[in-house]
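Coordinate inspection notes
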Amino acid sequence: MTSSFVLNCSPFTFSVETQFPYIKTAAKHIYGNRLIETHEFDGYIDYHVSIANSKGLRRLLKPQARFLCEGQEPFKPLDKNQGYALLEWGLNWVIATHEFSYVIVHSAVLAKGDKAILLPAPSGSGKSTLTAYLSNHGWRLLSDEMALISPADSRITPFVRPICIKNNAIDLVKTWFPDVYVSPIAPKTHKGDVAHMCPSSHSVDEENRSAEVVGIVFPKYDPSCFLDVYQLDKAGCFQGLTKNAFNHNLLGAVGINTMLNLVEKSACFEIHYNNMSEVSHFLDELVLGNNCV
Amino acid sequence: MFKAGVLVYPFSDKSGVLFYNTDTDESLIVDATQCEFNVSGEQSFPVLDSVSERINSILVNKGFTESD
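Quick caveat: nothing in here was measured; it's all calculated off a predicted structure.

Turning to the packing of helix α7 (residues 234-243) of chain A against helix α8 (residues 253-264) of chain A, a few remarks are in order. What describes two packed helices is the angle between their axes and the distance between those same axes. Residues and elements named next belong to chain A. Between α7 and α8, the least distance of the axes is 10 Å, while the angle of their chain directions is 130 degrees. In terms of axis orientation, α7 runs oblique to α8. Crossing geometry of α7 relative to α8 is assigned as right-handed. The residues of α8 that touch α7, namely those facing K234, C237, F238, L241 and T242, are M259, L260, V263 and E264. Residues that form the contact of α7 with α8 fall into these classes: six nonpolar, one polar and two charged.

In structure tokens:
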């Protein structure tokens, strides 16, 4: 049986169809009242996606989850227990490959008030664990996965969705925040065991409040470092940012000028850390405009 | 002479100069000391006056400029 619902997740709206009931249940926990029954929604849908079961005999013997969007299937089918993770990754893919009204960078974004810090980092750097900690210690989550940068003013538009936590961090986060919903674990994905953590309610409440970037910080978890801070020059920061960018090259001069503007007006750092609280204090100083070196 | 669509940007902290070809997506950041900018003109932004011979040959090879 297929169920459908709408994820009204500013600034985008997704229509989702699925043949796996647990996916809707998990989405309801994660998105709360931003999940709307299809028949109750009369607004504009930006993207139609589905998590479908595999076809033929396989659907009975070994069901698999397939992500589909507007007739495209960008990923190989995954085990049905990985279906919720596939939905979240699919929504990331949809935005990263279809949206050209923003310059998009693979980065977490956290803010105090309307002052935001970009945390661009590749997978495995501890970005999402850090984001989970900070967004439950006074920081507003704008995104765990992608910074939506407006070319006109280089401000960040929030895209508040769950935080993707992996492997050992799953138990860690559950211990830190026992009251926060974490989706069922998708075991043995290409990223290891994966779960999605509900964003904080104060972040969702302010999902329409854009923020100005004041700092770009490249984080790297290092168990041997309490907190080491390295100031980056503008050229180095620009290079780091473009390595994590999805679409700046497709936007030509607009994309490059947006990135340059962002780098020029931000303080740029690389941090090696193992203490989240120290990182939080460091970022506090950054949004206050204090000299952090 | 730069080709149309080439963007030249000196970073404000003098950490480098970016050359970016918007047509080919080719980019290059070079040492700022290898480039001279004219900041005394009527423009409110620095204009590239000249680059060292070594940088010039790189720019030609990478298709940012036409060879003379």
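Still more to cover.
Residue and element names in this part refer to chain A. Partitioning chain A into structural domains gives domain 1 (3-98) and domain 2 (103-161 + 199-288). The partner domain 2 presents 10 residues to the six residues of domain 1 that form the contact. The element that contributes the greatest number of residues to the side of domain 1 that touches domain 2 is helix α3 (residues 83-98), accounting for three residues.

For the rest of this paragraph, the subject is the environment of Y9 of chain B. Residues and elements named next belong to chain B. Topologically, Y9 is positioned in strand β1 (residues 6-10). By C-beta crowding, Y9 is classed as buried, having 21 other C-beta atoms within 10 Å. Remark: the alpha-carbon pair of Y9 and S52, spanning 43 residues in sequence, is separated by 16 Å.

On to the interface of chain B and chain A. Each partner contributes residues to the interface: chain B has 12 residues there, and chain A has 12 residues. Contributions of two or more residues to the side of chain B that touches chain A are made by β1 and β2 (17-21) of chain B. Per-class residue counts for the side of chain B that touches chain A are six nonpolar, four polar and two charged.

Quick notes on the rules
Residues numbered from 1 in each chain as written. Chains lettered and ligands numbered in written order. Predicted model: local features only at pLDDT ≥ 70, side-chain atom pairs only at ≥ 80, totals over all residues. Axes fitted to C-alpha atoms, helices over the stretch in contact; angles between N-to-C directions. Helix = DSSP H or I, 4+ residues; strand = E, 2+ residues; numbered from the N terminus. Parallel < 35°, antiparallel > 145°, perpendicular 65-115°, else oblique. Left-handed = near helix turned anticlockwise from the far one by under 90°. Contact = placed C-beta atoms within 7 Å. Nonpolar A, V, L, I, M, F, W, Y, C, P; charged D, E, K, R; others polar. Domains from an automatic or database assignment. Buried ≥ 20, exposed ≤ 12 C-beta atoms within 10 Å, placed from the backbone.

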